[in-house]
Amino acid sequence: MHPVDLPGTVRDALLAPLVDHHCHGVRRDDLTRAQFELLIHEGGSAAPPGTTHFDTPFGLAIRRWCAPLLDLEPHAPPAVYLARRAELGAAEVNSRLLAAAGVVAFLVDTGSEDADLLSAAEIGRYGGAAADELVRIEQIEHDVAETAELAVDYLDNLGEELTARAARAVGLKTVMAGLCGLDFDPARPSRGSVIAAANRRLADPKQPLTDPVLLRHLLWNAIEVARERCLPVQFHTGLGGVPGLGVGAAARFGGGAGADLHRTDPARLSTFIAGLQPAGVPVILLHCHPFHRQAAYLAGRYPHVYVDVGLALPHTAAASARVMEELLELAPFHKLLFSSGCRGAAESCLLGALYYRQALGAALAARVGAGEWSAADAAKIAHMIGSGNARRIYRL
């Protein structure tokens, strides 16, 4: 499961409990095959007729690594795996897989109002870990838009609700990459333009928020709250920033059509990030792949920028070591974080942790073996990325 040629201290550091600084709820109900396949595919759409999403790196990884935790042989056929999953029931499956990830604290995006997803507290209970809330700012805006009658009420209520929700959170999060792209005007919009946009918004508040003016207004309000409360702000980027067509995407983006992949490149945030530096608000770039090298550059360039590759590791599976190597090329080690990006299926939590450890373990083994790093340095870096950096940034 992990490199056998690691010094004991490095191996212990790699296997130490993790802080999963960004995940979502997982389904509490028993799933049909069609439902399960939607959850294990990043596009969120059904496989073409005659094919299956089990024929992907992620699907094969489920059969290899999750099957034994359900008392099956590795590589159990999909039908056998799903039958055993149904036999055990969702509660038992969630408990086994979440606990096996070796996570000591989950930071959970609670933006979805789907009652079929476990809450942050339930994720922690099933995983035998602490759990805290990440507040998705677009969900707050949606709640405010549905209750405000006038544009001035919308503006006032938005600020008040952001402040109230942030009081019980460890971080704020935006999915605007998937709603309007990251190539937005970094300047704060004028009050007049915001009022005009708010009037349009209140005419049809149930629609996903895609207006760049209101998204910028929401973001700058969130930045103010984050600065006051010393909270970081997470940005979905890369493959995590593009909404698919199915269940997982609806949970993340409210069903919006979303931006194309190239518009979710975190490098497009450079001007915004530079302007934000005096405020000292930590900016955390999530997922990033295939733009993880750009994200690593930004983390090295700016003192308030941090990065992870989240979903990229379990979805590239056996090739995840290559992604990790590229991330480590430029990013300072005190700027790197672990997240599983887990959502929908508990398998994504287990595989996120497993491939993170495999990928980082391979990088550590290569550097220690070549004499480039000492065992003490490698162990320190493993501790920082696995939990230490998140504890510092989120003040856990």
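Everything in this summary refers to the structure shown in the same document. (Residues numbered from 1 in each chain as written. Predicted model: local features only at pLDDT ≥ 70, side-chain atom pairs only at ≥ 80, totals over all residues. Heavy atoms only, no water.)

1. Comments concerning the packing of helix 5 (residues 90-100) against helix 17 (residues 347-369)
Their axes nearest at 8 Å, the elements helix 5 and helix 17 cross at an angle of 15 degrees. The angle between helix 5 and helix 17 falls in the class roughly parallel. At the point where helix 5 passes helix 17, the crossing takes the left-handed sense. In this structure, helix 5 contributes V93, L97, L98 and A100 to the contact, and helix 17 contributes E347, C349 and L350. Residue classes in the contact of helix 5 with helix 17 are distributed as 6 nonpolar, no polar and 1 charged. (Axes fitted to C-alpha atoms, helices over the stretch in contact; angles between N-to-C directions. Helix = DSSP H or I, 4+ residues; strand = E, 2+ residues; numbered from the N terminus. Parallel < 35°, antiparallel > 145°, perpendicular 65-115°, else oblique. Left-handed = near helix turned anticlockwise from the far one by under 90°. Contact = heavy atoms within 4.5 Å. Nonpolar A, V, L, I, M, F, W, Y, C, P; charged D, E, K, R; others polar.)

2. Things to note about the packing of aromatic side chains
The geometry of an aromatic ring pair is captured by two quantities: the separation of the ring centres and the angle between the planes. Under the counting rule described, the total for this entry stands at 7 aromatic pairs. Arranged with centres 5.9 Å apart and planes meeting at 20 degrees, the rings of F36 and F54 form a pair that is stacked. Residue F36 is located in helix 2 (residues 33-39), and its partner F54 is located in the loop between helix 2 and helix 3 (57-66); the two are separated by 18 residues in the primary sequence. Across the pair, exposure class does not vary: F36 and F54 are buried alike. Centroid distance F338 to Y356: 4.9 Å. Interplanar angle 45 degrees. Geometry classified as tilted. Note that F338 is positioned in the loop between helix 16 (320-327) and helix 17 and Y356 in helix 17, a separation of 18 residues in sequence. (Phe/Tyr/Trp six-rings, centres within 6.5 Å; stacked < 30°, edge-to-face > 60°. Buried < 20%, exposed > 50% of the residue type's maximum accessible area, 1.4 Å probe, protein only.)

3. Considerations on the pairing of strand 4 (residues 171-174)
Of the two faces of strand 4, both are covered, the one formed by G171 and K173 as well as the one formed by L172 and T174. Note: strand 3 (residues 130-136) against strand 4, 3 bridges, orientation parallel. Looking at strand 4, one finds that R136 is bridged to K173. Strand direction decides the pairing type here: strand 4 and strand 5 (residues 233-237), joined by 3 bridges, are parallel. Residue pairing across strands places L172 opposite V233, the latter belonging to strand 5. (Pairing = 2+ DSSP bridges.)

4. Notes on the environment of D265
With respect to the secondary-structure elements, D265 resides in the loop between helix 12 (247-253) and helix 13 (270-276). Linking D265 and L182, residues 83 residues apart in sequence, is a C-alpha distance of 7.0 Å. Apart from residues no more than four positions distant in its own chain, D265 is found in contact with L182, F291 and Q294. At 2.9 Å, the side chain of D265 forms a polar contact with the backbone nitrogen of A267. Among the polar contacts listed, one links the side chain of D265 to the side chain of Q294, at a separation of 3.4 Å. (Polar contact = N/O pair within 3.5 Å; in protein donor to acceptor, adjacent residues only side chain to side chain.)

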